[in-house]
Every structure is written in C-alpha cells, then in structure tokens.
Amino acid sequence: MEGGCQCGSVRYRLTGDPLGLAVCHCTECQRQSGSAFGMSLAVRKGAFRLLAGELRAFTVTCDSGRTKTCAFCASCGTRIHHQVADEVLSVKAGTLDDTSWLSPTAHYWTKRKQPWVPLPDGVRCVEDDG
Ligand SMILES: [Zn+2]
Ligand SMILES: [Zn+2]
C-alpha cells in the first residue's frame, strides 16, 4: 500500500498487514484534522517506509496525558503519522492512495465526539482511550 501528502512530495509505502484502524474523536484529533475525528491506521514501525520527501515532527500532549510525536510533510504540512508507543505508528489513513477498503475496528474518545456523528453497531466504542 502506498500513500502520500497533499502536495505530492512525501510518498510512503506500508508493508504487511495493519494492526487495526481506529477512529478517534478526541479534541486533539478534531483540531489536527480540522474536522470531527481522526483516523489512525496502526502499523508496526518497520512496516512504514518513506519513499520520497521530508518528514518533520513535533510533540504534543494528548487528552490521555501521553506524549505523541506527530510527523508531517515539510512542504505542505499534511500529517502523515503519529507515534505514541515505541514500536507502533498510527498512519493517518486518509493519506493512503486507496482508502476504499478502510473499515474502522474501534472508536475512541466517544465522550468528546460531535453529537451529529453516529456510532456504527458492531464496532468497539470506548468513552476515552480505553
Ligand atoms: Zn506535502
Ligand atoms: Zn485522538
């Protein structure tokens, strides 16, 4: 699977099977996306390979109190991935070239979600970060 940023300078490839796709309704994800929620595709760190472009990073404190490192395209600022745990990256799933197969397996921080966003049946829904 490949993906990239909005301006096209960052390109990346993912190998192997992703660990899961989470939707996060926390205030940080709302701010980051400029929208109602964020999508995070968890992959092992070694599964992500930067093919082109330059990533820059900064750190923020999440609603959970943990520190998160956020990597973005140095040219256009598109967020590419987050890292909270040592061995796992959360790839911003909307940057994939093909997003047609994406199907979230969990929703987090539902207590912060916008009231007009419905939660689907049959998917793990957690009030905070679980
Ligand atoms: Zn870019
Ligand atoms: Zn979040």
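Everything numeric here is computed off the predicted structure, so don't read it as measured data.

> Describe the coordination of the zinc ion (ligand 2), with residues and values.
For the zinc ion (ligand 2), the full set of protein donor atoms is C24 (SG), C26 (SG) and C29 (SG), at a range of 2.1 to 2.3 Å. Sequence spacing of the donors to the zinc ion (ligand 2): C-x1-C-x2-C. The two residues C24 and C26 agree in class, both being buried.

> Explain the pattern of salt bridges to me, and be specific about the residues and the numbers.
As enumerated under the stated definition, the model contains five salt bridges in all. Among the salt bridges present, the one from E54 reaches R56, with a minimum N-O distance of 3.5 Å. With a relative accessible area of 45%, R56 lands in the partly exposed category. Residue R66 pairs with D129 through a salt bridge whose shortest N-O separation is 3.7 Å. Taken together, the residues R66 in the loop between β6 (55-61) and β7 (67-73) and D129 in the segment after β11 (124-125) connect sequence positions 63 residues apart. For R66, a relative accessible area of 44% gives the class partly exposed. Taking relative accessible area as the criterion, D129 reaches 32% and is therefore assigned partly exposed. Among the charged side chains, a network of salt bridges with common partners joins E2, R11, R13 and D97.

> Account for the environment of R79, with residues named and values stated.
Within the secondary structure layout, R79 lies in strand β8 (residues 79-83). Note: C-alpha distance between R79 and F48 (31 residues apart in sequence) is 14 Å. Aside from chain neighbours lying at most four places away, what touches R79 is Q32, F58, C70, A71, F72, K92 and T95. Here the side chain of R79 touches H82 through a polar contact of 2.9 Å, side chain to side chain.

> Describe the layout of surface pockets, naming the residues involved and giving the relevant values.
The calculated volume of the largest pocket comes to roughly 620 Å³. Lining the largest pocket are 25 residues, with A22, S40, R66, S90 and Y108 positioned closest to its centre. Elements represented by at least two residues in the lining of the largest pocket include exactly β3 (20-24), β4 (38-44), β8, β9 (88-92) and β10 (106-108). It is β3 that contributes the most residues to the lining of the largest pocket, four residues altogether. Split by residue class, the lining of the largest pocket holds 13 nonpolar, seven polar and five charged.

> Kindly report on the packing of aromatic side chains, identifying the contributing residues and their values.
Pairs of aromatic rings are described using the distance from one ring centre to the other and the angle between the two planes. The final tally for this structure, using the stated rule, is two aromatic pairs. Here Y12 and F48 contribute two aromatic rings whose centre-to-centre distance is 5.1 Å and whose plane-to-plane angle is 25°, an arrangement assigned as stacked. Highlighted residues: Y12 in strand β2 (residues 11-14) and F48 in strand β5 (residues 48-52), separated in sequence by 36 residues. By the burial criterion, Y12 is buried, and F48 matches it.

The rules behind the values
- Residues numbered from 1 in each chain as written.
- Chains lettered and ligands numbered in written order.
- Predicted model: local features only at pLDDT ≥ 70, side-chain atom pairs only at ≥ 80, totals over all residues.
- Heavy atoms only, no water.
- Donors = N, O, S within 2.8 Å, 3.2 Å for Na, K, Ca; no water.
- Buried < 20%, exposed > 50% of the residue type's maximum accessible area, 1.4 Å probe, protein only.
- Salt bridge = Lys/Arg side-chain N within 4 Å of Asp/Glu carboxyl O.
- Helix = DSSP H or I, 4+ residues; strand = E, 2+ residues; numbered from the N terminus.
- Contact = heavy atoms within 4.5 Å.
- Polar contact = N/O pair within 3.5 Å; in protein donor to acceptor, adjacent residues only side chain to side chain.
- 1 Å grid on protein atoms, 1.4 Å probe; cavity = no way out; pocket = protein on both sides within 12 Å on 5 of 7 lines; lining within 4 Å.
- Points joined across faces, edges and corners; volume = space filled by probe spheres on them.
- Nonpolar A, V, L, I, M, F, W, Y, C, P; charged D, E, K, R; others polar.
- Phe/Tyr/Trp six-rings, centres within 6.5 Å; stacked < 30°, edge-to-face > 60°.

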